[in-house]
Structure formats: structure tokens, C-alpha cells
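# Notes for the structure review
Now for the letters of each chain:
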Amino acid sequence: MSDHEYTPKSKAGKWFNDRLPLLTLANHLTDYPTPKNLNYWWTFGGILTFCLITQIITGLTLAMHYIAHADMAFDSVEHIMRDVNYGWLIRYIHANGASMFFLAVYIHIFRSLFYGSYKAPREIIWIIGIVIYLLMMAAAFMGYVLPWGQMSFWGATVITNLFSAIPLVGEGIVTWLWGGYSVDNPTLTRFFTLHYLIPFLILGLVVLHIWALHVPGNNNPIGIDVKKPSKDTVPFHPYIVIKDGFALLMFMIVFAFFVFYTPNILGHADNYIEANPLVTPAHIVPEWYLLPFYAILRSVPDKLLGVIAMLSAIFILAALPWLDTSKIRSAVFRPLYKQFYWILVADVLVLGYMGAMPAEGLYLLIARVATAYYFLHFLVILPVLGFKEKTLPIPLSITEPVLGGTPNLAAAKNKESFKA
Amino acid sequence: MSEKKPKRREFLFTATYAIGVVGAGVVAWPLIDQMNPDASVKALASTEVDLSSVKPGNTITIMWRGKPVFIRRRTPDEIAEARAVNVKELIDPESDEERVKNPEWLVMIGVCTHLGCVPLNDKGDYNGWFCPCHGSHYDISGRIRKGPAPTNMEIPKYEFVNANTIKIG
């Protein structure tokens with residue numbers, strides 16, 4: 001993994017490292033050469049790791065008090081809120097933590113889209129990331145079912161019913177998912193089990209995600225290949241660790257604001273009503289982070305096609321490295337792509353807004369246009385743009401633009417000797 | 001060596017893999033099937049309902065297998081309305097006669113065939129039901145008329161035990 005041989009200084013360390021090279025791994029992680037021009041958009045990987053750990057720790061503690069049974073789940077959540085010591089805090093961190101997790105992952109994904117981080121040789125990192133994102137959605141959805149409120153119940157009903165759109169076997173699959181003829185206790189207990197399992201699957205995939213990242217190394221804002229280690233890189237520790245740490249603190253301020261000042265603003269009041277299989281709430285809306293896909297689902301008038309469109313909107317991302325035909329990674333040097341990028345950002349935000357509005361009239365029309373544009377962006381604009389766009393000249397190194405075109409040999413030499 | 005030997009090996013390998021796959025499948029099946037409805041869920045398969053208190057033009061909702069079942073006592077006007085529709089124009093063509101055993105009583109599973117919400121009584125553009133989730137309109141026979149739902153609301157298996165009692169399931 002590391003570009004250079006590492007030998008622990010102490011005899012005991014060497015003895016251990018010869019048998020299990022954990023110290024070599026630790027050394028690789030601290031010395032890992034990182035492009036020196038990484039901006040704050042690159043701090044979200046660390047922030048996401050923090051989010052995952054937070055969700056796992058708060059989730060484990062909640063599971064000590066929660067009861068996964070249709071008759072008791074709702075009351076056990078209220079028990080956590082009222083009786084358990086700091087239960088309110090742990091639950092609010094967990095519930096808002098899901099939103100913070102998605103906020104961070106969307107920034108992380110859109111950073112990747114802007115700087116072309118999904119392109120060769122980083123396709124596998126990207127695809128693992130999409131799988132993590134899918135698992136996150138599954139975990140979030142099942143977690144939302146556990147309090148067994150009205151939104152929990154009807155959200156579970158609507159989402160599991162998506163599978164009934166599959167021809168022939170759809171109904172059988174839905175019955176199998178439910179363990180009955182409607183969402184009920186068997187559904188709740190299995191969702192609890194899977195909700196408990198998925199974060200650990202994500203954790204495993206995060207290790208692969210980082211492993212795959214450490215093979216080619218980080219992309220960077222100007223999107224060029226960087227020689228490592230060189231004057232264009234800095235060691236991960238302390239430079240990136242400190243920068244990530246600072247960004248994490250800023251992020252935690254936002255997180256704490258939601259937890260302490262407005263812990264329910266991202267939820268739905270209906271979920272404080274216990275699940276009732278006979279009454280559907282007037283307005284079923286998923287959590288904010290699923291709204292764009294919900295809008296796509298609703299904008300197609302056919303059930304099966306609607307489900308296909310919604311799933312395609314996610315899976316199309318996995319094909320992105322091949323749909324984007326441009327060899328230039330960073331949007332900084334792609335004047336046209338940069339504009340289309342921001343249109344896509346706006347398009348997704350519009351879809352999200354339409355997903356929260358009733359599917360009728362003007363809302364429905366706008367949602368349809370936005371859905372069409374979403375697919376147009378990936379299936380037409382990106383492939384064509386790679387051939388048509390006149391890109392700007394890219395610098396040869398990260399140092400070049402800073403030092404005015406000609407590499408400053410003296411400075412470079414200094415850096416080199418510092419590294420060695 | 002002779003040319004036969006590697007072929008024999010390949011065959012043995014392939015046969016071993018095949019048995020392995022079958023074995024894995026056999027072991028996996030109980031783990032998959034345990035998620036299907038269990039015996040206690042299936043045991044709740046039928047329920048009897050007393051209809052004597054339902055007035056014409058009213059709908060009652062009862063629970064059957066965890067799902068709401070709508071039982072509507074239709075007025076003569078409503079029956080006439082349901083039967084005046086040109087079946088060929090429907091999204092899911094089905095005549096009212098096919099959907100009821102006794103025209104006065106419409107018995108159907110009160111679940112929207114789109115994504116499973118419970119439609120609201122006496123709402124929508126067709127004087128029947130309206131699903132608030134994604135805007136499907138059903139007529140007074142429970143047939144889909146407008147919106148994303150693909151089929152009419154499902155009719156459960158039921159029979160009249162006597163004039164005032166039906167057994168669902």
C-alpha cells in the first residue's frame with residue numbers, strides 16, 4: 001500500500017508488525033500523500049465517517065430501550081423520550097443524524113459531480129459510493145418505520161407496495177416482504193433486524209471505499225493526475241486531519257442547532273400519532289432526502305413505469321463514469337459543463353420541492369419537466385458534451401498556476417528536501 | 001499424460017460446484033421462506049360481519065387480514081350510476097355486475113391499487129373514493145377512473161351467510 005518501506009522503531013513494534021502489519025497501515029494512513037489544493041468540499045468524507053459512527057453509537061443505545069413489537073414500539077419510543085436518562089437527546093441525535101448524514105452525502109456526491117471524481121481511474125470508488133448511498137436510503141427508510149407512527153406505517157406501506165409493480169411476482173414479493181397481508185408486526189420485526197444490520201454493511205463498504213480511494217489517491221479541484229509524493233502533495237496527517245477536523249466542528253454546529261433548537265422540524269407531526277391501518281394521513285410525504293425521487297415516481301402516470309423511472313434515476317448514477325465522455329475531470333476547465341452542472345443542481349432542488357407538494361396541476365407539470373430534464377442531463381447532455389465542448393487548457397501541476405506558469409525550481413527543491 | 005485426465009477432473013469440478021449450488025439453495029430456502037406469512041397470520045383468514053345496522057348510502061370499514069374492507073350499502077341511484085358506465089372506456093374494464101354478488105352491497109378491499117393507501121369515502125370526481133396519496137379516483141363500483149392506480153379495487157372472497165351477515169375470506 002505505502003510507497004515506501006516502513007519499519008517500526010521499537011523492537012516490540014517490529015515484532016508485532018512482522019506478524020500483523022497494522023503499524024504499516026497506520027503509517028500509510030498518516031503519511032498518505034494528499035493533493036495540497038483540496039478545498040473544503042473535500043472534508044465531507046471525514047464528516048460522513050463521523051455521521052456513520054454517530055448513527056451506530058446512538059442506534060446501539062436506542063436499541064437497548066426500544067421494543068420491536070407493533071403493540072409496544074410506539075410507547076417504547078415515548079418511553080425513551082420521557083423516562084430514559086438522556087433518551088430524548090440520544091433519539092434526537094439519531095433522528096436528526098439521519099438528515100445530517102444525507103445532507104453530507106449529497107454535498108459529497110455533488111462535489112464528485114463538479115470535479116469529475118467519478119472518472120477513470122476512480123470508477124470503483126464511485127460505484128461503491130452509490131451502493132453505500134442505496135444502503136443508506138434502505139436504512140433510513142426502515143429506521144423511519146420503527147417508531148410505528150402514522151408516517152412510519154403508511155410510508156412502509158407505500159414503499160413496499162412499489163414492488164407490487166413488478167409483473168407476475170410483484171404481489172408475492174410484497175407479501176413476502178410483509179410476512180402477512182399488510183404491514184404488521186412481522187414487518188416491523190424484520191425491519192428492525194435489517195435496520196440494525198445495514199449500518200455495519202455500510203461500515204464494511206466504507207472501508208472498501210477508502211481502500212479504493214487510496215489506490216489512485218484523491219482527485220483534486222483542478223482534476224489533474226498528481227505525482228505522489230511530490231511538491232503537489234502534503235501528508236494526510238497533520239494537514240488534512242486538521243482541516244477535516246475544523247470542517248467537522250462547523251458541521252457539528254449545524255447538527256447541534258437542529259438537535260437542540262428545532263429537533264422536529266425535519267420530521268412530520270403525523271408520526272406522533274400511533275399507526276392506524278384504517279386511516280391514511282391526508283398528505284403522505286417521505287423525508288426530505290428522498291423527495292426528488294418521490295417526485296420522479298409521481299410524475300409518471302403509470303405505476304410500473306413510475307417505479308422504473310424512480311429506480312433508474314438512482315442507478316443511472318452508477319453508469320455516470322461511462323456516460324460522461326469528457327476526458328477532463330474538473331468543471332473548472334469545462335465552461336459548458338459547469339453551467340449544465342448548476343442547472344442539474346437546480347433541477348434536483350426543484351424535484352425535491354415538487355416531491356413535497358401535492359401531485360396536481362402546475363406542480364405536476366413542473367415535476368414532469370424536471371424529471372425529463374434529469375434524464376436528459378445524464379443520457380444526452382453529458383455524452384454529447386464530451387465531444388462538443390471546447391475545454392480550457394489544464395495546468396501541468398497544482399503548483400504551476402500558483403507560481404505563474406514556470407515551476408519554481410528552488411521552492412520545489414525545498415519542499416522535496418522537507419519531505420525526505 | 002493422456003488427454004482424458006484433465007477432462008475427468010473438469011467434470012468432477014463442475015459436478016462438485018453444481019451439487020454445492022443445489023445444496024446452498026436447499027439451505028437458503030428455509031431462510032427465505034421464513035419471511036412468508038406464518039401459520040398464525042394465515043389463521044386469521046376469515047371474518048363474519050353483521051350488516052343489519054348499515055343504512056343505504058353508508059359505508060362501513062372492517063379489518064380483514066390487517067387490511068380495511070369497505071362494505072357499502074348502495075342506493076338505487078348509485079347502482080344505476082355504476083351500471084350506466086360504458087365498460088369499454090374504463091382503465092380496467094369490468095362491469096358492475098362482475099364486481100358484486102348483490103347489487104345493493106359493494107364489498108371490496110379498501111386499499112388503493114397504486115401503492116396501498118386507504119382511499120377516502122364519498123370523495124373524488126366520480127362520487128366514489130379518492131386516494132389522498134397520489135390522487136387516484138374510483139367510482140361507486142370501486143373502479144379506477146383517473147390517476148396512477150392500474151386496477152380497480154380488489155374484491156375479496158366473500159359470501160352471504162344470511163340476508164344480514166357476510167363472511168369475508
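Residues numbered from 1 in each chain as written. Chains lettered and ligands numbered in written order. Predicted model: local features only at pLDDT ≥ 70, side-chain atom pairs only at ≥ 80, totals over all residues. Heavy atoms only, no water.

## Some details on the overall build of chain B
Rule in force here: Every helix listed is a DSSP run of H or I at least four residues long, and every strand listed is a run of E at least two residues long, numbered separately from the N terminus. Computation of the radius of gyration draws on C-alpha atoms alone. For the globule rule, the value is 2.2 Å times the number of residues to the power 0.38.
Check the secondary structure of chain B and you find four helices and ten strands. Starting at the N terminus, the α and β elements of chain B follow one another as α-α-β-β-β-α-α-β-β-β-β-β-β-β. Its C-alpha radius of gyration of 25 Å places chain B more than 25% over the 15 Å reference for a compact globule of 169 residues. The C-alpha extent of chain B, read off along each of the three principal axes, is 90 × 35 × 25 Å.

## Comments concerning the side chain of S136 of chain B
Residues and elements named next belong to chain B. This is how the line gets drawn: Exposed residues in this analysis have more than 50% of their type's maximum accessible area, buried residues have under 20%, and partly exposed residues fall in between, with area computed by a 1.4 Å probe over protein chains only. The definition of a polar contact used here is a pair of N or O atoms within 3.5 Å, where within protein one atom must be able to donate a hydrogen and the other to accept one, and adjacent residues in sequence count solely through side-chain atom pairs. In this analysis, two residues are considered to be in contact whenever any of their non-hydrogen atoms come within 4.5 Å of each other.
Looking at where S136 falls in the secondary structure, it is placed in strand β7 (residues 136-139). We classify S136 as buried; its relative accessible area is 1%. Among the polar contacts made by the side chain of S136, one reaches the main-chain amide nitrogen of A149 at a distance of 3.2 Å. Setting aside residues no more than four positions away along its own chain, S136 makes contact with C112, H114, W129, F130, C131, I144, K146, G147, P148 and A149.

## A closer look at the state of the cysteines
Residues and elements named next belong to chain B. What counts is decided by this rule: Note on terminology: pairs of cysteine sulfur atoms within 2.5 Å are recorded as disulfides.
With the rule as written, the count across this model stands at one disulfide over all chains. Between the sulfur of C117 and that of C133 lies a disulfide, 2.1 Å long from S to S. Between C117 and C133, the S-S dihedral sits near -95 degrees, and the bridge is therefore left-handed. Of the two residues, C117 is situated in the loop between β4 (105-109) and β5 (120-123) and C133 in the loop between β6 (127-131) and β7; the sequence distance between them amounts to 16 residues. Relative accessible area serves as the criterion here: at 1%, C117 is assigned to the buried category. For C133, a relative accessible area of 5% gives the class buried. You can see C131 has no disulfide; the closest cysteine sulfur is in C112, sitting 3.8 Å from it.

## Considerations on a negative patch on the surface
Put simply, the rule is: Distance thresholds for patches are 9 Å for like charges and 5 Å for nonpolar side chains (Val, Leu, Ile, Met, Phe, Trp, Tyr), applied to residues having over 30% relative accessible area and no salt bridge. Per-residue and other accessible areas were derived by the Shrake-Rupley procedure at a 1.4 Å probe size, with only the shown protein chains allowed to occlude residues. The salt bridge definition used is simple: a Lys or Arg side-chain nitrogen within 4 Å of an Asp or Glu carboxyl oxygen. A positive count includes Lys and Arg, and a negative count includes Asp and Glu. His and the chain ends are not counted in either. For the purpose of locating charges, the reference atoms are NZ of Lys, CZ of Arg, CG of Asp and CD of Glu.
There is a patch of like negative charges on the surface, built from D71, D75, D184 and E274 of chain A. By the secondary structure assignment, D184 of chain A is in the loop between α8 (170-178) and α9 (185-214).

## Points about the packing of helix α6 (residues 123-145) of chain A against α9 of chain A
All names here are of chain A. Let me state the cut-off plainly: Whenever a helix is involved, its axis is fitted only over the stretch in contact; in every case the axis is a line through C-alpha atoms, and angles between N-to-C directions fall within 0 to 180 degrees. For classification purposes, an angle smaller than 35 degrees is called roughly parallel, one larger than 145 roughly antiparallel, one from 65 to 115 roughly perpendicular, and anything else oblique. What makes a crossing left-handed is the near helix being turned counterclockwise from the far one by less than a right angle; a clockwise turn instead makes it right-handed.
At their nearest, the axes of α6 and α9 sit 9 Å apart, and the two run at 160 degrees to each other. Relative to α9, α6 is oriented roughly antiparallel. In this structure, the crossing between α6 and α9 has a hand that is left-handed.

## Focus on unusual backbone geometry
The omega torsion of the bond from A120 of chain A to P121 of chain A falls at 5 degrees, within 30 degrees of zero and hence cis. Within the secondary structure layout, P121 of chain A lies in the loop between α5 (87-115) and α6. With an omega of 10 degrees, the peptide bond between H237 of chain A and P238 of chain A qualifies as cis. With respect to the helices and strands, the residue P238 of chain A is situated in helix α10 (residues 236-261). Positioned with a positive phi, D122 of chain B is a non-glycine residue whose angle comes to about 50 degrees. By secondary structure assignment, the location of D122 of chain B is in strand β5. Using a relative accessible area of 49% as the deciding quantity, one classes D122 of chain B as partly exposed.

## What to know about the sheet that holds β5 of chain B
Residues and elements named next belong to chain B. Stated formally: Being paired, for any two strands, means DSSP has found at least two bridges between them.
Pairing is antiparallel in the open sheet, where four strands are placed in the order β5-β6-β7-β8. For this open sheet the edge positions go to β5 and β8 (144-146), each flanked by a neighbour on one side alone. In this sheet, neighbouring strand axes are inclined to one another by 40 degrees on average, regardless of whether the strands run parallel or antiparallel. Judged from the three bridges that link them, β5 and β6 form a sheet pairing that is antiparallel. Considered in β6, the bridge of K123 is made with G128.

## Looking at the nonpolar core
Counted only if it meets this: Here, the term nonpolar core denotes a set of buried Ala, Val, Leu, Ile, Met, Phe, Trp, Tyr and Cys residues that are joined through side-chain atoms within 4.5 Å.
Ranked by internal contacts, the top residues of the largest apolar core, which has 124 residues, are F102, L113, Y133, W148, F293, Y374 and F378 of chain A. Core analysis: the next-biggest nonpolar cluster, separate from the first, contains 14 residues, V49, V111, Y158 and I168 of chain B among them.

## Here's the deal with helix α7 (residues 150-161) of chain A
All names here are of chain A. What counts here: Here the expected length of a helix is defined as 1.5 Å per residue gap, with one fewer gap than residues.
For α7, with twelve residues, the first-to-last C-alpha span of 16 Å sits near the 16 Å given by 1.5 Å per residue. For α7, the buried fraction is high: eleven of the twelve residues fall into the buried class. Of all the positions in α7, only Q150, M151, S152, F153, W154, G155, A156, T157, V158, T160 and N161 are classed as buried.

## Considerations on the confidence of the model for chain A
Low-confidence regions, as indicated by low pLDDT, have predicted coordinates that should not be scrutinised in detail. Filter applied, for reference: The quantity called pLDDT is the predictor's confidence in a given residue, expressed from 0 to 100.
Per-residue confidence for chain A gives a mean pLDDT of 92; residues scoring 70 or more make up 94%. Scored below 50 in pLDDT, residues 415-420 of chain A shows six contacts in the model against residues more than four places distant or in partner chains.

## What about the interface of chain B and chain A?
Inclusion rule: By convention, the term buried area covers the 1.4 Å-probe accessible surface removed from two parts as they join, with the contributions of both added. Gly is put with the polar residues, along with every residue not named as nonpolar or charged; the nonpolar set is Ala, Val, Leu, Ile, Met, Phe, Trp, Tyr, Cys and Pro, and the charged set is Asp, Glu, Lys and Arg.
Taken together, the contact between chain B and chain A spans 26 residues of the former and 26 residues of the latter. Across the chain B/chain A interface, buried area totals approximately 2,200 Å², and carbon plus sulfur atoms make up 65% of it. Per-residue buried area on chain B facing chain A is highest for M35, L115 and H134 of chain B; these three make up 28% of the total on that side. If you look at where chain B meets chain A, you find zero salt bridges. The interface formed by chain B and chain A holds nine residue pairs in polar contact (both at pLDDT 80 or more) in total. Looking at the side of chain B that touches chain A, the elements that each hand over two or more residues are α2 (39-43), β2 (59-64) and β3 (67-73) of chain B. Residues belonging to the side of chain B that touches chain A are distributed by class as follows: 13 nonpolar, nine polar and four charged.

## What to know about the packing of aromatic side chains
To be explicit about the condition: Ring pairs shown here join Phe, Tyr and Trp side chains whose ring centres sit within 6.5 Å, with only the six-membered ring taken for Trp; geometry is labelled stacked below 30 degrees between planes, edge-to-face above 60, and tilted in between. For a ring to carry a charge above it, either NZ of a lysine or CZ of an arginine must fall within 6 Å of the ring centroid while also lying within 35 degrees of the normal to the ring plane.
Under the criterion given, the structure shown has 34 aromatic pairs over all chains. Site record: aromatic cluster; members linked through ring pairs are W42, F110, F114, Y115, Y337, Y341 and W342 of chain A. It is R111 of chain A that lies over the ring of W42 of chain A; its NZ or CZ is 4.6 Å from the centre. Here R65 of chain B stacks its cationic end above the ring of Y181 of chain A, 3.7 Å away from the centre of that ring.

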